[in-house]
Amino acid sequence: MEVLSPEQKAGFDRDGYLVLERRLSAAQLATLHAEIDRYTEQARGLTEGTDALDLEDSHRPDAPRVRRIKLPHTHSEVFRDLMTSDTILAPARDLIGPDLRLHTTKLNMKEAGHGAAVEWHQDFAFYPHTNDDVLAIGVILDDMGAENGPLMVFPGSHKGPIHDHHDSGFFVGAMDLARDGYDMADAVPLMGPAGSISIHHGRIVHGSALNTSTRARRILFYEMMAADAWPVMGSMTKFSTLEDYDSRMLCGQSRQPRLADVPVRIPLPAPPIGKTIYEIQKGLTARSFDTAKG
Ligand SMILES: O=C(O)CCC(=O)C(=O)O
């Protein structure tokens, strides 16, 4: 083990999540915040999103509202350097082994007063793999309390089924919580001071509410898997060649697939609209969370 205790690893295996408090220094946080400001300034004047910026539905060119910085590691050295640091990779190696491949990165902004909710879902429903050594590391960039839309999880749900994320015949990337037997009162918020790190298992049921508070809630997600977890055909994971796929190795070696007895559903037919989770989830009828009023 590099950084986690045996108890923390056992906790993750049992519950499907961990929070590691205060892993980033004040200086690192300041650098990340400044980098975010550089992006949000680019939103002023935009009439639609760009390759880097996903905008809130209530965004206006003169009142910019950024929902997400997309794939930040592809256009920012700051976010790329953090991704390849031991701060991010050491806990992941402790949990799923030395060979890690990146799935994606995103920085969900959830700005004060209007930051969008994310409906309940399992990441593995979007990208089923041959085994479930799949997780997301979340870098908590603002103090995260109950009021500013923390990520919430259902402990132990990573050991259950992959639920139906379809509605009206299409994949909508979200579940009908009541239909699947969950009570929102049982969800646990992953809270901690800015600079903490959350880790959630790829199969855990999770979501987060609209941020109606006066404080932002920004989380930078690095989603990754053991290199021997290969996407099942129909997964939203796309790659064109082996070189392309292997260019996503974060550490260790590329591996042949390991096939485990894991539940799998295929996210097809593809959603009729949208590429981001916020757009795709608009197809869900039985919403759990409010949407912004504008
Ligand atoms: O930002 C959040 O609270 C949830 C993010 C999430 O689950 C996702 O983007 O897939």
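The following paragraphs examine the structure supplied in this document. (Residues numbered from 1 in each chain as written. Predicted model: local features only at pLDDT ≥ 70, side-chain atom pairs only at ≥ 80, totals over all residues.)

## Topic: the overall build of the protein chain
The secondary structure content of the protein chain amounts to 8 helices and 14 strands. Taking 294 residues into account, the globule formula puts the C-alpha radius of gyration at 19 Å, and the protein chain, at 18 Å, falls close to it. When its C-alpha atoms are laid out on the principal axes, the protein chain stretches across 50 × 45 × 40 Å. A burial count over the protein chain gives 45% of its 294 residues as buried. Across the protein chain, every contact between residues at least 6 apart in sequence was considered, and the portion connecting residues at least 24 apart equals 84%. (Helix = DSSP H or I, 4+ residues; strand = E, 2+ residues; numbered from the N terminus. Rg over C-alpha atoms; globule rule 2.2 N^0.38 Å. Buried ≥ 20, exposed ≤ 12 C-beta atoms within 10 Å, placed from the backbone. Contact = placed C-beta atoms within 7 Å.)

## Quick look at the site of the ligand
Taken together, Lys-106, Asn-108, Val-118, Leu-151, His-206, Ser-208, Ile-219 and Ile-277 make up all the residues around the ligand. Counting residues per element, the ones that place at least two in the shell around the ligand are strand E4 (100-108) and strand E12 (206-208). Of the residues assigned to the shell around the ligand, the class counts are 4 nonpolar, 3 polar and 1 charged. (Near = placed C-beta within 6 Å. Nonpolar A, V, L, I, M, F, W, Y, C, P; charged D, E, K, R; others polar.)

## Digging into unusual backbone geometry
Residue Leu-268 is joined to Pro-269 through a cis peptide bond whose omega torsion reads -5°. You will see that Leu-71, though not glycine, has its phi angle at about 45°, which is positive. Mapping Leu-71 onto the fold places it in the loop between strand E3 (66-70) and helix H3 (72-75). Of note in the backbone geometry, Lys-110 takes a positive phi value of approximately 35° without being a glycine. Relative to the assigned elements, Lys-110 resides in the loop between E4 and strand E5 (118-121).

## Some remarks on helix H2 (residues 26-41)
With 16 residues, H2 should reach 22 Å at 1.5 Å per residue; the first-to-last C-alpha distance of 22 Å fits that figure. Regarding H2, the residues found buried are Leu-32, Ile-36 and Tyr-39. Axial view of H2: buried residues confined to an arc of 55°, hence all on one face. Opposite the buried face of H2, at more than 90 degrees from it, the exposed residues are Ala-26, Ala-27, Ala-30, Ala-34, Asp-37, Arg-38 and Glu-41. (Expected span 1.5 Å × (residues − 1). Arc of directions from axis to C-beta.)

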